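Spelled out, the chains give:
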Amino acid sequence: MRCVVATSNVKVLGKAVHSLSRIGDELYFEPLSSGLALRCVNSSRSAYGCFLFTPLFFQHYDSGAPPGGLEDSSFRCKMGMKSVQTVFKSLSSLDKTVEKCEIDLNPGGNRLVFQLHCKYGITKTHNLSFQESESLQPVFQKDGYANVLRAQPRLLADTVVHFPPSLEEVNVTVSGERVQFRNHLEDEQDASKMMLTEMSLDADEFESFQVREETGITFCLKELRGLLSFAESSGLPLSMYFDQPGRPVVFGLDDPVLEVNFVLATLSDEETTTHRERNRSRPPQADTSHDDFLSDDMDSYMIAMETSAVGGAEAQPCSTGSDQRRAREPVSAACSSGSKQQRGLESESEEEEEEELPGTPPQKRFRSLFFGSVLSPYSQGANQTLRNQEVLAEASDSDPEEQEEETAKK
Amino acid sequence: MPLSTQLEAGEEQYVLIASLDNARNLSNILKAIQFKDHATFLATSNGIKVTVEDSKCLQANAFIQAEIFQEFSIQEDSVMFRVNLAVLLDCLTIFGGSAVPGVTTALKMCYNGYGYPLTLILEEGGVVTVCKINTQEPEETLDFDFCSTNVINKVILQSDSLREAFSELDMTSEVLQITMSPDKPYFRLSTFGNSGSAHCDYPKDSDMMEVFQCTQTQTNRYKMSLLKPSTKALSLSCKVSIRTDSRGFLSLQYMVRNDDGQICFIEYFCCPDEEVGEQEQ
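As the structure is a computational prediction, the values presented were derived from the model and not from experiment.

**Some remarks on the overall build of chain B**
Phase 1: A tally of regular secondary structure across chain B gives 6 helices and 18 strands.
Phase 2: For 281 residues, the compact-globule formula gives about 19 Å, and the C-alpha radius of gyration of chain B, at 21 Å, lands near that figure.
Phase 3: Pairs at least 24 residues apart make up 67% of the contacts formed inside chain B by residues separated by at least 6 positions.
Phase 4: Treating the 21 positive side-chain charges of chain B as one cloud and the 38 negative ones as another, the clouds have centres 4 Å apart.

**Side note on the overall build of chain A**
Phase 1: Within chain A one finds 12 helices and 19 strands.
Phase 2: Counting the 410 residues in chain A, one finds 54% classified as buried.
Phase 3: Partitioning the contacts of chain A with sequence separation of at least 6, the portion at a separation of at least 24 is 70%.
Phase 4: Of the accessible surface of chain A, which amounts to about 17,700 Å², a share of 49% is contributed by carbon and sulfur atoms.

**Quick look at the sheet that holds strand β2 (residues 38-44) of chain B**
All names here are of chain B.
Phase 1: Spatially, 9 strands are ordered β6-β2-β3-β4-β18-β17-β16-β10-β14 in an open sheet, and the strand pairing comes out antiparallel. This sheet does not close on itself; its edge strands, each paired only once, are β6 (78-84) and β14 (209-214). Direction aside, neighbouring strands of the sheet carry axes that sit 15° apart on average.
Phase 2: The strands touched by helix α2 (residues 24-31) are β2, β3 (47-54), β4 (58-65) and β18 (263-270); relative to β4, the strand with the most contacts, the crossing angle is about 165°.

**Some points on the state of the cysteines**
The term disulfide refers to a covalent linkage connecting the sulfur atoms of a pair of cysteines.
Phase 1: Counted under the stated rule, the structure contains 0 disulfides over all chains.
Phase 2: In this structure A:Cys3 is a free cysteine whose sulfur lies 8.6 Å from that of A:Cys101, the closest cysteine sulfur available.
Phase 3: The class for A:Cys3 is buried, based on a relative accessible area of 0%.
Phase 4: Unpaired in this structure, B:Cys200 has its nearest cysteine sulfur neighbour in A:Cys118, at a distance of 7.1 Å.
Phase 5: The class of B:Cys200 is buried, set by a relative accessible area of 8%.

**Details of the domain arrangement of chain B**
Residue and element names in this part refer to chain B.
Phase 1: Taken domain by domain, chain B consists of domain 1 (16-136) and domain 2 (151-270).
Phase 2: For domain 1 versus domain 2, the distance between C-alpha centres works out to 28 Å.
Phase 3: Every contact between the two is made by 23 residues of domain 1 and, on the other side, 17 residues of domain 2.
Phase 4: Buried surface at the junction of domain 1 and domain 2, both sides included, amounts to about 1,700 Å², of which 54% is carbon and sulfur.
Phase 5: The largest per-residue losses of area from domain 1 upon contact with domain 2 belong to Asn25, Ala32 and Leu58, which jointly make up 29% of the total buried on that side.
Phase 6: The interface formed by domain 1 and domain 2 includes 1 salt bridge.
Phase 7: With its nearest N and O atoms 3.2 Å apart, the salt bridge here joins Asp259 to Arg24.
Phase 8: Taken together, the connections running from domain 1 to domain 2 amount to 10 residue pairs in polar contact (both at pLDDT 80 or more).

**A word on the pattern of salt bridges**
Here the idea is simple: oppositely charged side chains can pair when their charged atoms come close.
Residues and elements named next belong to chain A.
Phase 1: Overall, the coordinates contain 25 salt bridges over all chains when judged by the stated rule.
Phase 2: With a closest N to O distance of 3.3 Å, Arg178 and Asp202 form a salt bridge. Separated by 24 residues along the polypeptide, Arg178 in strand β13 (residues 178-183) and Asp202 in strand β14 (residues 198-202) bring together distant segments of the chain.
Phase 3: Taking the shortest distance from any N to any O, the salt bridge between Glu198 and Arg182 comes out at 3.1 Å. Here Glu198, found in strand β14, pairs with Arg182, found in strand β13; they are 16 residues apart in sequence, far enough to count as distant.
Phase 4: Given a relative accessible area of 30%, Arg182 falls into the partly exposed group.
Phase 5: Here the salt bridges do not stand alone but share partners, grouping Arg2, Lys100, Glu102 and Asp104 into one network.

**Looking at helix α1 (residues 7-20) of chain A**
Phase 1: Compared with an ideal rise of 1.5 Å per residue, which puts 14 residues at 20 Å, α1(A) spans 21 Å between its outermost C-alpha atoms and is within 8% of the ideal.
Phase 2: Looking at α1(A), one finds that the buried residues are A:Val10, A:Lys11, A:Leu13, A:Gly14, A:Ala16, A:Val17, A:Ser19 and A:Leu20.

**Digging into the packing of aromatic side chains**
Phase 1: For the coordinates displayed, the defined rule picks out 22 aromatic pairs over all chains.
Phase 2: Each ring, one from A:Tyr145 and one from A:Tyr241, has its centre 6.5 Å from the other, and the planes form 55°; the classification is tilted. One end of the pair, A:Tyr145, is in the loop between β10 (131-132) and β11 (147-151); the other, A:Tyr241, is in strand β17 (residues 238-242), and 96 residues separate them in sequence. The two residues A:Tyr145 and A:Tyr241 agree in class, both being buried.
Phase 3: Considering the side-chain rings of B:Phe81 and B:Tyr111, the 4.3 Å spacing of their centres and the 40° angle between planes classify their relative orientation as tilted. Residue B:Phe81 is found in strand β6, and its partner B:Tyr111 is found in strand β7 (residues 106-111); the two are separated by 30 residues along the sequence.

**Describing the nonpolar core**
Phase 1: By size, the foremost hydrophobic cluster in this structure holds 147 residues, and its most contacted members are A:Phe29, B:Leu30, B:Leu120 and B:Phe187.
Phase 2: Looking at this core, you find at least three residues from each of domain 1 (16-136) and domain 2 (151-270) of chain B.
Phase 3: Excluding residues within four positions of it along the chain, B:Leu120 makes contact with B:Leu88, B:Cys91, B:Leu92, B:Leu107, B:Lys108, B:Met109, B:Thr129, B:Val130, B:Cys131 and B:Ile133.
Phase 4: The next biggest cluster of nonpolar side chains, apart from the first, holds 11 residues, and it includes A:Cys50, A:Tyr145, A:Tyr241 and A:Val250.

**Some remarks on the interface of chain B and chain A**
Phase 1: Between chain B and chain A, the contact holds 18 residues from the first and 16 residues from the second.
Phase 2: With both chains or domains summed, chain B and chain A bury close to 1,500 Å², and 45% of this area falls on carbon and sulfur atoms.
Phase 3: Looking only at chain B, the three residues that lose the most surface to chain A are B:Glu164, B:Glu168 and B:Ser195, adding up to 36% of its buried area.
Phase 4: Put simply, chain B and chain A have 2 salt bridges between them.
Phase 5: Of the charged contacts, one joins A:Lys124 and B:Glu168 as a salt bridge, the two residues approaching to 3.3 Å between their closest N and O atoms.
Phase 6: Inspection of the chain B/chain A interface yields 8 residue pairs in polar contact (both at pLDDT 80 or more).
Phase 7: Contributions of two or more residues to the side of chain B that touches chain A are made by α4 (159-167) and β13 (196-202) of chain B.
Phase 8: Ranked by residues supplied to the side of chain B that touches chain A, first place goes to β13(B) with 7 residues.
Phase 9: Considered class by class, the residues forming the side of chain B that touches chain A number 6 nonpolar, 8 polar and 4 charged.
Phase 10: In terms of strand pairing, strand β9 (residues 123-129) of chain A meets β13(B) through 6 bridges, oriented antiparallel.

**Comments concerning the packing of α2(B) against helix α3 (residues 85-92) of chain B**
Residue and element names in this part refer to chain B.
Phase 1: Across the interface, α2 lies against α3 with an axial gap of 10 Å and an inter-helix angle of 145°. Like other packed secondary-structure pairs, α2 and α3 cross with a definite hand, here left-handed. Contacts between α2 and α3 involve Leu26, Ser27, Leu30 and Lys31 from the first element and Leu85, Leu88, Leu89 and Leu92 from the second.
Phase 2: The class makeup of the residues in the contact of α2 with α3 is 6 nonpolar, 1 polar and 1 charged.

**What about the pairing of β18(B)?**
Residues and elements named next belong to chain B.
Phase 1: Here β18 lies mainly inside the structure; 6 of its 8 residues are buried.
Phase 2: When β4 meets β18, the two strands line up antiparallel, connected through 6 bridges. In the sheet register, Phe63 faces β18, and the bridge partner there is Phe265.
Phase 3: As paired elements, strand β17 (residues 250-257) and β18 share 8 bridges and run antiparallel to each other. Bridge pairing links Gln253 to Glu267 in β18.

Definitions and cut-offs
Residues numbered from 1 in each chain as written. Chains lettered and ligands numbered in written order. Predicted model: local features only at pLDDT ≥ 70, side-chain atom pairs only at ≥ 80, totals over all residues. Heavy atoms only, no water. Helix = DSSP H or I, 4+ residues; strand = E, 2+ residues; numbered from the N terminus. Rg over C-alpha atoms; globule rule 2.2 N^0.38 Å. Contact = heavy atoms within 4.5 Å. Lys, Arg positive; Asp, Glu negative; His and termini not counted. Charge placed at Lys NZ, Arg CZ, Asp CG, Glu CD. Buried < 20%, exposed > 50% of the residue type's maximum accessible area, 1.4 Å probe, protein only. Areas by Shrake-Rupley, 256 points an atom, 1.4 Å probe, with all protein chains shown as cover. Pairing = 2+ DSSP bridges. Axes fitted to C-alpha atoms, helices over the stretch in contact; angles between N-to-C directions. Disulfide = S-S within 2.5 Å. Domains from an automatic or database assignment. Buried area = accessible area lost by both parts, 1.4 Å probe. Salt bridge = Lys/Arg side-chain N within 4 Å of Asp/Glu carboxyl O. Polar contact = N/O pair within 3.5 Å; in protein donor to acceptor, adjacent residues only side chain to side chain. Expected span 1.5 Å × (residues − 1). Phe/Tyr/Trp six-rings, centres within 6.5 Å; stacked < 30°, edge-to-face > 60°. Core = buried A, V, L, I, M, F, W, Y, C linked by side-chain atoms within 4.5 Å. Nonpolar A, V, L, I, M, F, W, Y, C, P; charged D, E, K, R; others polar. Left-handed = near helix turned anticlockwise from the far one by under 90°.

Dropping the structure here:
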């Protein structure tokens, strides 16, 4: 595996790393035959970012994958985000001092070597340790979306700047003529005490404004800011794909040499409603957020989980026992191990709750990214048989209301 | 002139009198060695040497030659005292730390000898401030016994390039390893941090390399925490000389140009780290 990046592109690579750092703490590095994929996912699995650098981006690109083999890549790993950021520390001087950047796997196979050849003959070598990992890949299809907006990144950046940096979630409502950005208030927050910001953009401010479904979605702004700063510096038009709430929103940048996709989970209407109802009937408990996942209507949600470790074969549905677990961490590569045994589900869910606690933001109503159905509604029926999610064990204190819903839908 | 009239009566008593039209020529250079609260001042007819030490392993010296001062008179062969450097710098910058173009603070420093306070008279825009700082018993400063005859390897680099390398050093590494060799990698700075190792190599024929005199391959490690303060001196300087001797002791000499274009020197001496473990190449 060897890649060589020439002068101006080194800064682009550095910027990509920095923008992914806004999402999570680990950088997934995977050289594919189609290009180098740098990916990141946040701890609650509600945001995912991917930069795919095609071979054209590089002065020299060798993914190391054996030609004609089933494997798309020979090597995939994850590294601490901070370590990789150190390589591209001083962004501003990267294009002035760095002439070339080489990325190699060292002969011992235990270090990823980033070598920056700088002006005046100075060479900076970083030998980074890594962990072998499975591929990180959600499934999403940009063509399945009802609404597609495309604009110069400047437009969105200028819009977002009006919201306080501490703002977590933003609500985007779209109609045929305009799109509205509003800060989202948690139900617990008192509207009269909060500052409300609202911005409207006309359809003609966009390069392309295709709205087939008038809808409003709410997603986390923080993770998007990383992409916006990258987009602004690249000058590439930013596309936004979304439709009903609950379905993840995709932000994309397209370029002959680079493909960027950020997928963010959105709040679903259903969750917002049930949460309000539940709040009225009983005080919110710390575990409520976890119970939501367990008592989710499994049938209407596809767990979109695929790993390229499975190779050319179609994504196989894993044993039902492990579905519960993956409901929590659908982005993990549980699938590839295949032989995941169904452990006592009670203990598993408890374990998950504990695992989930540190990562999951409290009281957040976000669906995990991969719960949302990413296939268009009409194909849902056909795939239903493939992924038969049986809820084998209900959480003991799940809402009876929700249980009824589930049985009705089954 | 307000400064001289105030002291006319007792001027003969003073063992040391030093005047500067621009106090920043002194304060800037002292800030570069301010990693500890106390400093030892040694004044001779050559000028003033200010020394700061840390854990008996690191010593920083700032040399301000007599020629830098507008007035410099010393009544004894050598005058030595210890003073709180933080307090001294606060007084030197009493009219504000930031540089306002066209406005300078004038300084007159007077010392009456052992047991007397250090008197600073500062003037800016007609406002005069007099500060008296208590002096302390001078402590023996370390003698690193670093002489040019023992020097094995020496390089002189332009500070610009080293500045960048230092700012990018992996701070999670406990040591900074310096390799100097007549063969590749010539001059290498290495760190061993949480994410792995990092090396910064300077070839001997680099444009940034002014002098390259390496006779033997030497690799030495120094505690990062000890060398970190030297980055301040690096940022002020235009050139830096890096020398190691037969014991692995490190000497860093920084050439600093002050506001008036005069040259001052700052020197750092550092002992090598005792625990020499496996060295990653």
